[in-house]
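Breakdown of the fold
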Amino acid sequence: MSQAQPGVVMVSLSEALSEAYAIAIGHHRAGRMGEAAGVYRAILDADPRQADALHLLGVLAGQTGRTEDALSLIAQAIALDPEAADYHDNLGSLRRTGGDAVRAAGQHARALALEPARAKAAFNRGLALGDLGRMEEALGCFRAALRVDPGYGAAALAAGRLLAGGPEPLAAERWLAHALSLAPDSADAWAAVGRARLAAGEADGAVTGYGRAARLRPDDGAALSNLAMAVLQASGALPEFPRADRPEASWAEPLARALDLFLAALERGAGKVAEAALFRTAVLTIHRGMMDDTRLERIARRARDRLRRAPGDGAAAACIAHGLYRRGRLVTASRLVRRCLRGWSEEAIRADPQAAKWRQVDARPVFLDALAGYRPRIIEAGERSMPVPPAAEGGAILLVSVDSGYWRRFGGWFLSHALKDPPGDRVHVHVVNPGAEDCADLDRRCAAQPGRLSWSLERIDLSAHAPGAETTYYACARFFVALDLLDQTGAPVFITDIDARCTAPLPPDLRNGTGWDLTIMRDRRARGPFDDLIVSFLGIAPTAAGREFLGLVCAYIGWFFDRGGAAWTLDQAAPYAALHDWMRRGRALRLREHEFLRLPWFDFPVKGEG
């Protein structure tokens, strides 16, 4: 028998392998993947049947994105040692990552059969079953993991997250409470609380949950975006989530907060969902008159970047256009919108309220110059008559234009206010497509108010136009009628709405048309060129400038109807674009302005009282 040489320490193969594994695992845990892989391969070079080395090299391959290599290596390890539960468990996790939840669940089940008390395998099987929509089985797996290890917070969190997105989101609360008892500063758990409460309709609770998650992860764009969504829903400003305890006067602060959160989320890497939500929320905030110029400019800068990447993004274009409008650059805004809408179908434009509204705002000089002398075909399309014309003498005329439904709903109510004060103002009612009952009613009312009340009618077929054209037309037809009344009576004509309440007669200078050509009502909240001039009160004096301005507005409206582009708010976009053009060119126009929210002779709106 040979003797060991003095001073030489003999190391067995098992000891050498044990030391090599310790070195490799140390590298692996420290994230030194290259060094770890080198040692694992060295072990396999020494003994290709080292199943642990194959398994760990496979785990490393999966961690570095080489899924196919990982699957092959762990499968080889299982072939050498089919009784190792952790091999099956890790192979199952790889299969789930690759989208094969069915085989993943089976692999985890095999791991549990080999080692029933393996909490991690029960947890992983629950994740795979959850992916397959097998909720009760998944919850059973998470319960099993917690029975084995009551401190396994990941299982409680996974159960809570699974339930938060299901039909009973409040059932998630118990699971999430357990997860938070184990890890009170878990951003994932607080985010799941937010999701569960939002799904349950508890928006305020969702703000609390998502808010805690965002504070724990201030640099996480997704966390900030989720919080912004919750703030929006809690505000009551979203039409689909109204709240009786959140009146419109309270919306400004949460809308501003949501916009700032979306902006912060995008700066921290949030994706397309947050970007789209930013622009939609901005449009809503502008429409409500709650957007300040500084915040809008920040959003417009983001929108300009978006348009470079996606030239057809209508909401982004609208944000830029609104910013240009506020700076008096409506011509540039007109060109931008038209460029953006190139290639859009008519259906797509009409499905997007901002696109439909902005298309009708055309302040380009070449367009407005082309309207000179334009005779709209829509004016000749119907049959207009005046059964009771205005009296030969009298002051200003209040003009309303309605369809049969609106006349029946508001007509008597409106007249009871408009004609209550003698001598008061004259009233002219124009009805589009009235019924026989409406005509008889108006005749009776005119006979009871001789010299004060007159009416006209129009029969027109608008079936060839887009849906909603009827409502748009009777709002716009009052401009055509106003031009007729101006020529027939030589008296000022004031366009108003039949659901507005007359609170006092007009003052003498307005009733007589003294010292002015155009009287307008502005909404000072800068809500857009289709909401700036509110034609619930717009007066035209029988002067050359007044007639010319009204003629331009009629041509503008007719141009859009003639080409099938008329939509709601055209009656307000047309006078705004015409007035903007006149001011830009320095045209002489004696203009009187009043503020929408402070008009002394009318209250708006009063639909709820009709």
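Predicted model, so just to flag it, every value in this text is computed and none were measured.

Another point: the overall build of the protein. A count of helices and strands for the protein gives 28 helices and 10 strands. Its C-alpha radius of gyration of 36 Å places the protein more than 25% over the 25 Å reference for a compact globule of 610 residues. Dimensions of the protein along its principal axes, counting C-alpha atoms only, are 140 × 45 × 40 Å. Within the protein, buried positions represent 53% of all 610 residues. Considering only residue pairs separated by 6 or more positions, the protein has 67% of its internal contacts joining residues 24 or more positions apart. Accessible surface, the protein: about 27,100 Å² in total, of which carbon and sulfur atoms supply 53%. On the protein, the mean spot of the 75 positive side-chain charges and the mean spot of the 73 negative ones are 3 Å from each other.

The subject of this paragraph is the layout of surface pockets. Volume-wise, the second largest pocket comes out at about 510 Å³. For the lining of the second largest pocket, the elements supplying multiple residues, two or more each, are helix H13 (221–235), helix H15 (272–287), helix H17 (314–326) and helix H20 (353–359). Ranked by residue count, the leading element in the lining of the second largest pocket is H15, at six residues. Across the lining of the second largest pocket, the residue classes tally to 11 nonpolar, five polar and five charged.

Another aspect to go through is the pairing of strand S8 (residues 537–540). Every second residue of S8 is oriented toward a common face, with Phe-537 and Gly-539 on one face and Leu-538 and Ile-540 on the other, all of them buried. For strand S5 (residues 493–496) and S8, the ladder comprises four bridges, and the chain directions are antiparallel. Looking at the pairing, Val-493 lines up with Ile-540 of S8. Of the strand pairs in this sheet, strand S7 (residues 518–522) and S8 are connected by two bridges, and their pairing is antiparallel. Within S8, the position partnered with Leu-518 by the bridge is Ile-540.

Glancing now at the pattern of salt bridges. All chains considered together, the criterion is met by 58 salt bridges. Where Asp-313 meets Arg-306, a salt bridge forms, and the shortest distance between an N and an O atom there is 2.8 Å. Its salt-bridge partner being Arg-527, residue Asp-523 comes within 2.9 Å of it at the nearest N-O pair. Given the relative accessible area of 3%, Asp-523 is considered buried. On the basis of relative accessible area, Arg-527 is assigned to the buried category, the value being 12%.

Moving on: the sheet that holds S8. The mixed open sheet is built from eight strands, whose spatial order is S1-S4-S3-S2-S5-S8-S7-S9. At either end of the open sheet lies a strand with only one pairing partner, and these are strand S1 (383–388) and strand S9 (591–595). On average, adjacent strands in this sheet sit at an angle of 20° to one another, irrespective of strand direction. Sheet contacts for helix H24 (residues 436–448): S1, strand S3 (426–432) and strand S4 (453–459); angle to S4, the most-contacted strand, approximately 160°.

In this section: H15. Counted at 1.5 Å a residue, the expected span for H15 with its 16 residues is 22 Å, and the 23 Å between its end C-alpha atoms agrees. Three or more residues of H15 are buried, namely Ala-274, Glu-275, Ala-277, Leu-278, Phe-279, Thr-281, Ala-282, Val-283, Leu-284, Thr-285 and Ile-286. In the core, the buried residues of H15 are packed alongside H13, helix H14 (252–267), helix H16 (293–309), H17 and H20. Directly beyond the C-terminal end of H15, a positive phi value near 70° is found at Gly-289.

Here we take up helix H5 (residues 85–97). Compared with an ideal rise of 1.5 Å per residue, which puts 13 residues at 18 Å, H5 spans 19 Å between its outermost C-alpha atoms and is within 8% of the ideal. The complete set of buried residues in H5 reads Ala-85, Tyr-87, His-88, Asp-89, Asn-90, Leu-91, Gly-92, Leu-94 and Arg-95. Looking at the buried positions of H5, the neighbouring elements they touch are helix H3 (51–63), helix H4 (67–80), helix H6 (101–114) and helix H7 (119–131). Phi turns positive, to about 90°, at Gly-99, one or two residues after H5.

The subject of this paragraph is the packing of aromatic side chains. One pass over the structure, following the stated rule, counts 20 aromatic pairs. Between the aromatic rings of Phe-602 and Phe-604, the centroid separation amounts to 5.9 Å while the plane-to-plane angle is 15°, which identifies the pairing as stacked. Looking at Phe-602, the relative accessible area reads 3%, which means it is buried. Pairwise contacts between aromatic rings join Phe-494, Trp-516, Phe-537, Phe-596, Trp-601, Phe-602 and Phe-604 into one cluster. The ring of Trp-175 has Arg-174 lying over it, and the distance from NZ or CZ to the ring centre is 5.3 Å.

Okay, the state of the cysteines next. Disulfide: a covalent bond formed between the sulfur atoms of two cysteine residues. According to the stated counting rule, one finds zero disulfides in the structure shown. Left unpaired, Cys-319 is separated from the closest cysteine sulfur, that of Cys-340, by 11 Å. Taking the relative accessible area as the measure of exposure, Cys-319 reaches 0% and is therefore buried. Free of any disulfide, Cys-446 has its nearest neighbouring cysteine sulfur in Cys-439, separated by 11 Å.

Working note: regular strand, side chains alternate between the two faces of the sheet. The buried fraction of S4 is high, at six of seven residues. Judged from the four bridges that link them, S1 and S4 form a sheet pairing that is antiparallel. Among the inter-strand pairings, Glu-383 is bridged to a residue of S4, identified as Arg-459. Of the pairings in the sheet, the one linking S3 to S4 comprises six bridges and is parallel in character. Considered in S4, the bridge of Val-432 is made with Glu-458. Once the chain exits S3 it traverses H24 before rejoining the sheet at S4, and the crossover so formed is right-handed.

Further remarks concern the environment of Gly-98. By secondary structure assignment, the location of Gly-98 is in the loop between H5 and H6. A sequence separation of 221 residues divides Gly-98 from Cys-319, and the C-alpha atoms of the two residues are 40 Å apart.

Attention now moves to the environment of Asp-352. Tracing the chain through its elements places Asp-352 in the loop between helix H19 (346–351) and H20. With 241 residues separating them in the primary sequence, Asp-352 and Glu-593 have C-alpha atoms 31 Å apart. When sequence neighbours within four positions are dropped, the list of residues in contact with Asp-352 reads Gly-314 and Trp-344. Here the side chain of Asp-352 touches Gln-354 through a polar contact of 3.0 Å, landing on its backbone nitrogen.

Each value, and the rule that gives it
Residues numbered from 1 in each chain as written. Predicted model: local features only at pLDDT ≥ 70, side-chain atom pairs only at ≥ 80, totals over all residues. Heavy atoms only, no water. Helix = DSSP H or I, 4+ residues; strand = E, 2+ residues; numbered from the N terminus. Rg over C-alpha atoms; globule rule 2.2 N^0.38 Å. Buried < 20%, exposed > 50% of the residue type's maximum accessible area, 1.4 Å probe, protein only. Contact = heavy atoms within 4.5 Å. Areas by Shrake-Rupley, 256 points an atom, 1.4 Å probe, with all protein chains shown as cover. Lys, Arg positive; Asp, Glu negative; His and termini not counted. Charge placed at Lys NZ, Arg CZ, Asp CG, Glu CD. 1 Å grid on protein atoms, 1.4 Å probe; cavity = no way out; pocket = protein on both sides within 12 Å on 5 of 7 lines; lining within 4 Å. Points joined across faces, edges and corners; volume = space filled by probe spheres on them. Nonpolar A, V, L, I, M, F, W, Y, C, P; charged D, E, K, R; others polar. Pairing = 2+ DSSP bridges. Salt bridge = Lys/Arg side-chain N within 4 Å of Asp/Glu carboxyl O. Axes fitted to C-alpha atoms, helices over the stretch in contact; angles between N-to-C directions. Expected span 1.5 Å × (residues − 1). Phe/Tyr/Trp six-rings, centres within 6.5 Å; stacked < 30°, edge-to-face > 60°. Lys NZ or Arg CZ within 6 Å of the ring centre and 35° of its normal. Disulfide = S-S within 2.5 Å. Right-handed = clockwise from strand over helix to strand, strands pointing away. Polar contact = N/O pair within 3.5 Å; in protein donor to acceptor, adjacent residues only side chain to side chain.

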